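# Architecture at a glance
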Amino acid sequence: GESVGLHLPTLSVQEGDNSIINCAYSNSASDYFIWYKQESGKGPQFIIDIRSNMDKRQGQRVTVLLNKTVKHLSLQIAATQPGDSAVYFCAENMAGSARQLTFGSGTQLTVLP
Amino acid sequence: KAGVTQTPRYLIKTRGQQVTLSCSPISGHRSVSWYQQTPGQGLQFLFEYFSETQRNKGNFPGRFSGRQFSNSRSEMNVSTLELGDSALYLCASSLAGSSGQETQYFGPGTRLLVL
(Lines give C-alpha, C1' and ligand atoms only; values in the text may rest on other atoms or scores of the structure.)
Protein backbone atom coordinates (compact mmCIF):
# COMPACT_ATOMS: atom_id res chain seq x y z
CA GLY A 1 0.00 0.00 0.00
CA GLU A 2 0.95 3.62 -0.25
CA SER A 3 2.80 5.13 2.66
CA VAL A 4 4.97 7.98 3.73
CA GLY A 5 8.64 7.17 4.07
CA LEU A 6 11.73 8.96 5.24
CA HIS A 7 15.03 8.75 3.40
CA LEU A 8 17.34 8.71 6.41
CA PRO A 9 16.77 7.08 9.75
CA THR A 10 19.41 9.18 11.55
CA LEU A 11 20.91 12.62 11.09
CA SER A 12 23.68 14.24 13.13
CA VAL A 13 24.44 17.95 12.82
CA GLN A 14 26.67 20.40 14.61
CA GLU A 15 25.02 22.93 16.87
CA GLY A 16 24.40 26.10 14.91
CA ASP A 17 24.28 24.37 11.52
CA ASN A 18 21.15 23.99 9.45
CA SER A 19 19.35 20.65 9.34
CA ILE A 20 17.38 19.19 6.47
CA ILE A 21 15.09 16.22 7.00
CA ASN A 22 13.52 14.63 3.95
CA CYS A 23 10.35 12.67 3.37
CA ALA A 24 8.88 10.92 0.34
CA TYR A 25 5.20 10.30 0.00
CA SER A 26 3.43 8.18 -2.56
CA ASN A 27 -0.25 9.03 -2.14
CA SER A 28 -1.14 11.62 -4.74
CA ALA A 29 -4.52 12.08 -3.05
CA SER A 30 -2.89 13.58 0.03
CA ASP A 31 -3.50 17.30 0.36
CA TYR A 32 -2.23 18.14 3.81
CA PHE A 33 1.14 17.47 5.37
CA ILE A 34 2.46 17.94 8.89
CA TRP A 35 5.83 17.69 10.54
CA TYR A 36 5.93 16.46 14.12
CA LYS A 37 8.75 16.35 16.64
CA GLN A 38 8.77 13.61 19.26
CA GLU A 39 11.06 13.68 22.26
CA SER A 40 11.64 10.62 24.36
CA GLY A 41 8.67 9.78 26.55
CA LYS A 42 6.43 12.38 24.97
CA GLY A 43 3.74 12.51 22.32
CA PRO A 44 4.38 14.03 18.89
CA GLN A 45 4.54 17.81 18.98
CA PHE A 46 3.28 19.86 16.03
CA ILE A 47 6.01 21.81 14.25
CA ILE A 48 4.61 23.07 10.99
CA ASP A 49 2.09 22.12 8.32
CA ILE A 50 1.56 22.79 4.65
CA ARG A 51 -1.35 22.39 2.29
CA SER A 52 -1.04 20.97 -1.17
CA ASN A 53 -1.75 24.33 -2.80
CA MET A 54 1.51 25.69 -1.39
CA ASP A 55 5.13 24.78 -2.03
CA LYS A 56 6.79 26.52 0.88
CA ARG A 57 5.87 27.62 4.34
CA GLN A 58 8.02 29.23 7.01
CA GLY A 59 7.78 29.22 10.75
CA GLN A 60 10.13 30.21 13.49
CA ARG A 61 13.49 28.68 12.48
CA VAL A 62 11.68 26.04 10.41
CA THR A 63 10.71 25.87 6.76
CA VAL A 64 8.74 23.14 5.04
CA LEU A 65 9.07 22.60 1.31
CA LEU A 66 6.62 20.58 -0.75
CA ASN A 67 7.41 19.30 -4.22
CA LYS A 68 4.29 17.64 -5.58
CA THR A 69 5.94 16.75 -8.86
CA VAL A 70 8.27 14.27 -7.19
CA LYS A 71 6.12 13.78 -4.09
CA HIS A 72 8.77 15.05 -1.74
CA LEU A 73 8.57 16.94 1.52
CA SER A 74 11.41 18.43 3.52
CA LEU A 75 11.86 20.15 6.85
CA GLN A 76 14.63 22.69 7.25
CA ILE A 77 15.70 23.76 10.72
CA ALA A 78 17.89 26.84 10.89
CA ALA A 79 20.63 27.22 13.48
CA THR A 80 19.99 23.83 15.02
CA GLN A 81 20.06 23.80 18.80
CA PRO A 82 20.54 20.96 21.33
CA GLY A 83 16.83 21.16 22.13
CA ASP A 84 16.08 20.18 18.56
CA SER A 85 17.40 16.68 19.18
CA ALA A 86 14.40 14.37 18.73
CA VAL A 87 12.70 12.09 16.25
CA TYR A 88 10.98 13.94 13.43
CA PHE A 89 8.00 12.50 11.60
CA CYS A 90 6.29 13.66 8.48
CA ALA A 91 2.61 12.81 8.15
CA GLU A 92 0.08 13.10 5.38
CA ASN A 93 -3.67 13.31 5.34
CA MET A 94 -5.72 12.35 2.35
CA ALA A 95 -8.21 14.81 0.98
CA GLY A 96 -11.58 14.67 2.65
CA SER A 97 -13.04 15.19 6.06
CA ALA A 98 -11.45 12.22 7.80
CA ARG A 99 -8.58 12.87 10.17
CA GLN A 100 -6.39 9.92 9.38
CA LEU A 101 -2.71 10.63 9.32
CA THR A 102 -0.21 8.32 7.67
CA PHE A 103 3.18 8.68 9.28
CA GLY A 104 6.66 8.16 7.97
CA SER A 105 9.11 6.00 9.88
CA GLY A 106 10.84 8.97 11.49
CA THR A 107 14.33 10.49 11.50
CA GLN A 108 16.40 10.70 14.64
CA LEU A 109 18.09 14.11 14.71
CA THR A 110 21.09 14.44 17.01
CA VAL A 111 22.65 17.82 17.59
CA LEU A 112 26.35 17.63 18.41
CA PRO A 113 27.97 20.25 20.67
CA LYS B 1 -5.62 26.32 27.05
CA ALA B 2 -4.88 22.84 28.35
CA GLY B 3 -3.55 20.28 25.90
CA VAL B 4 -4.73 16.77 25.20
CA THR B 5 -4.65 14.66 28.32
CA GLN B 6 -4.50 10.89 28.54
CA THR B 7 -4.97 8.57 31.47
CA PRO B 8 -3.44 6.49 32.74
CA ARG B 9 0.10 7.24 31.61
CA TYR B 10 1.35 3.73 32.28
CA LEU B 11 -0.33 0.35 32.46
CA ILE B 12 0.83 -3.20 32.96
CA LYS B 13 -1.57 -6.00 32.03
CA THR B 14 -1.35 -9.72 31.38
CA ARG B 15 -2.37 -11.61 28.29
CA GLY B 16 -6.08 -12.17 27.98
CA GLN B 17 -7.05 -9.17 30.06
CA GLN B 18 -8.76 -6.10 28.69
CA VAL B 19 -7.85 -2.46 29.09
CA THR B 20 -9.57 0.92 28.74
CA LEU B 21 -7.66 4.08 27.98
CA SER B 22 -9.05 7.58 28.29
CA CYS B 23 -8.47 10.77 26.33
CA SER B 24 -9.67 14.32 26.96
CA PRO B 25 -9.28 16.55 23.91
CA ILE B 26 -8.36 20.20 23.83
CA SER B 27 -11.34 22.32 24.81
CA GLY B 28 -13.47 23.01 21.76
CA HIS B 29 -12.01 20.16 19.71
CA ARG B 30 -14.61 17.72 18.50
CA SER B 31 -12.56 15.13 16.65
CA VAL B 32 -10.50 12.55 18.51
CA SER B 33 -8.19 10.08 16.80
CA TRP B 34 -6.23 7.22 18.27
CA TYR B 35 -2.86 5.91 17.13
CA GLN B 36 -0.65 3.01 18.16
CA GLN B 37 3.10 3.50 18.21
CA THR B 38 5.53 0.57 18.29
CA PRO B 39 9.22 0.35 17.38
CA GLY B 40 8.47 -2.13 14.63
CA GLN B 41 5.38 -0.61 13.00
CA GLY B 42 5.79 3.05 13.86
CA LEU B 43 2.73 5.22 14.24
CA GLN B 44 -0.44 3.62 12.96
CA PHE B 45 -3.95 4.99 12.84
CA LEU B 46 -6.53 3.13 14.89
CA PHE B 47 -9.77 5.12 14.55
CA GLU B 48 -11.31 8.56 14.63
CA TYR B 49 -14.41 9.75 16.44
CA PHE B 50 -16.53 12.79 15.77
CA SER B 51 -19.91 13.61 17.31
CA GLU B 52 -19.89 10.31 19.20
CA THR B 53 -19.57 8.37 15.94
CA GLN B 54 -16.66 6.42 14.58
CA ARG B 55 -15.88 8.16 11.33
CA ASN B 56 -12.88 6.18 10.18
CA LYS B 57 -11.06 3.01 11.17
CA GLY B 58 -7.59 1.67 10.52
CA ASN B 59 -6.49 -1.90 9.91
CA PHE B 60 -6.72 -3.31 13.42
CA PRO B 61 -8.66 -6.32 14.64
CA GLY B 62 -12.04 -6.03 16.27
CA ARG B 63 -10.43 -6.38 19.70
CA PHE B 64 -9.67 -2.70 19.39
CA SER B 65 -12.69 -0.50 19.90
CA GLY B 66 -13.53 2.95 21.08
CA ARG B 67 -16.22 5.43 21.82
CA GLN B 68 -16.75 9.12 22.24
CA PHE B 69 -18.93 10.90 24.73
CA SER B 70 -21.07 13.99 24.29
CA ASN B 71 -18.34 16.16 25.82
CA SER B 72 -15.91 14.85 23.13
CA ARG B 73 -13.91 12.80 25.63
CA SER B 74 -12.99 9.43 24.19
CA GLU B 75 -12.06 6.00 25.40
CA MET B 76 -10.48 3.11 23.63
CA ASN B 77 -10.70 -0.49 24.72
CA VAL B 78 -8.54 -3.46 23.87
CA SER B 79 -9.95 -6.86 24.76
CA THR B 80 -8.14 -10.19 25.07
CA LEU B 81 -4.74 -8.53 25.22
CA GLU B 82 -1.84 -10.04 23.34
CA LEU B 83 1.88 -9.49 23.86
CA GLY B 84 1.99 -7.60 20.58
CA ASP B 85 -0.42 -5.01 21.93
CA SER B 86 2.39 -3.56 24.02
CA ALA B 87 2.78 -0.07 22.66
CA LEU B 88 2.38 3.63 23.23
CA TYR B 89 -1.22 4.59 22.54
CA LEU B 90 -1.61 8.16 21.45
CA CYS B 91 -4.69 10.28 21.27
CA ALA B 92 -4.95 13.35 19.06
CA SER B 93 -7.63 15.98 18.82
CA SER B 94 -8.59 18.53 16.22
CA LEU B 95 -11.31 21.10 15.70
CA ALA B 96 -13.07 18.99 13.06
CA GLY B 97 -14.12 21.81 10.84
CA SER B 98 -15.41 21.26 7.33
CA SER B 99 -11.95 20.59 5.92
CA GLY B 100 -9.64 17.70 6.71
CA GLN B 101 -6.75 20.11 6.47
CA GLU B 102 -6.35 20.87 10.12
CA THR B 103 -3.76 20.06 12.70
CA GLN B 104 -4.09 17.14 15.05
CA TYR B 105 -2.59 17.76 18.47
CA PHE B 106 -1.29 14.80 20.40
CA GLY B 107 -1.40 13.89 24.04
CA PRO B 108 1.52 12.34 25.94
CA GLY B 109 0.26 8.82 25.36
CA THR B 110 -0.45 5.79 27.50
CA ARG B 111 2.35 3.26 27.68
CA LEU B 112 0.82 -0.24 27.78
CA LEU B 113 2.92 -3.27 28.65
CA VAL B 114 1.36 -6.70 28.22
CA LEU B 115 3.08 -9.53 30.08
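Attention here is on the structure that accompanies the text. (Residues numbered from 1 in each chain as written. Chains lettered and ligands numbered in written order. Predicted model: local features only at pLDDT ≥ 70, side-chain atom pairs only at ≥ 80, totals over all residues. Heavy atoms only, no water.)

Residues and elements named next belong to chain B. Following T7, the chain continues to P8 via a peptide bond in cis, the omega torsion being -10°. Among the secondary structure elements, P8 is positioned in the loop between β1 (5-7) and β2 (10-13). Positive phi, close to 50°, is recorded for S51, a residue that is not glycine. Within the secondary structure layout, S51 lies in the loop between β5 (42-50) and β6 (53-57). (Helix = DSSP H or I, 4+ residues; strand = E, 2+ residues; numbered from the N terminus.)

Bringing the nonpolar core into the picture now. All names here are of chain B. The biggest cluster of nonpolar side chains holds 21 residues, and the ones touching the most others in it are W34, L46, F64, M76 and Y89. Taken together, the elements giving at least two residues each to this core come down to β3 (19-24), β4 (31-38), β5, β8 (74-78), β9 (87-94) and β11 (110-114). If we skip the residues at most four places from it in the chain, M76 touches V19, T20, L21, W34, L46, F47, F64, S65, G66 and Y89. (Core = buried A, V, L, I, M, F, W, Y, C linked by side-chain atoms within 4.5 Å. Buried < 20%, exposed > 50% of the residue type's maximum accessible area, 1.4 Å probe, protein only. Contact = heavy atoms within 4.5 Å.)

Moving on, we get to the sheet that holds β1 of chain B. Residues and elements named next belong to chain B. Pairing in this open sheet of four strands is antiparallel, and the strands run β1-β3-β8-β7 from one edge to the other. The strands lining the two open edges of the sheet, one partner per strand, are β1 and β7 (64-68). The sheet shows a mean angle of 20° between the axes of neighbouring strands, direction not considered. Bridge analysis of β7 against β8 gives five bridges, and the strand direction is antiparallel. (Pairing = 2+ DSSP bridges. Axes fitted to C-alpha atoms, helices over the stretch in contact; angles between N-to-C directions.)

As a further point, take the pattern of salt bridges. In this structure the tally under the stated criterion is nine salt bridges over all chains. Between R67 of chain B and E75 of chain B there is a salt bridge, with the nearest N and O atoms lying 3.2 Å from each other. Its relative accessible area of 16% is what places E75 of chain B among the buried residues. If you follow the salt bridges from partner to partner, you end up with D49, R51 and R57 of chain A in one network. (Salt bridge = Lys/Arg side-chain N within 4 Å of Asp/Glu carboxyl O.)

Before going further, it helps to examine the state of the cysteines. Here a disulfide denotes a covalent bond joining the sulfur atom of one cysteine to the sulfur atom of another. Counting across every chain of the model gives two disulfides over all chains. Paired through a disulfide, C23 of chain A and C90 of chain A show a sulfur-sulfur distance of 1.9 Å. Residues C23 of chain A and C90 of chain A share a disulfide whose torsion about the S-S bond is about 60°; that sign makes it right-handed. A residue pair is termed long-range when its members are at least 10 positions apart, and C23 of chain A in strand β3 (residues 19-25) and C90 of chain A in strand β9 (residues 86-94) qualify at 67 residues. Take C23 of chain A and C90 of chain A: they sit in the same class, and that class is buried. Disulfide pairing is shown between C23 of chain B and C91 of chain B; the S-S distance is 1.7 Å. Judged by the torsion about the S-S bond (-55°), the C23 of chain B/C91 of chain B disulfide is left-handed. Taken together, the residues C23 of chain B in strand β3 and C91 of chain B in strand β9 connect sequence positions 68 residues apart. (Disulfide = S-S within 2.5 Å.)

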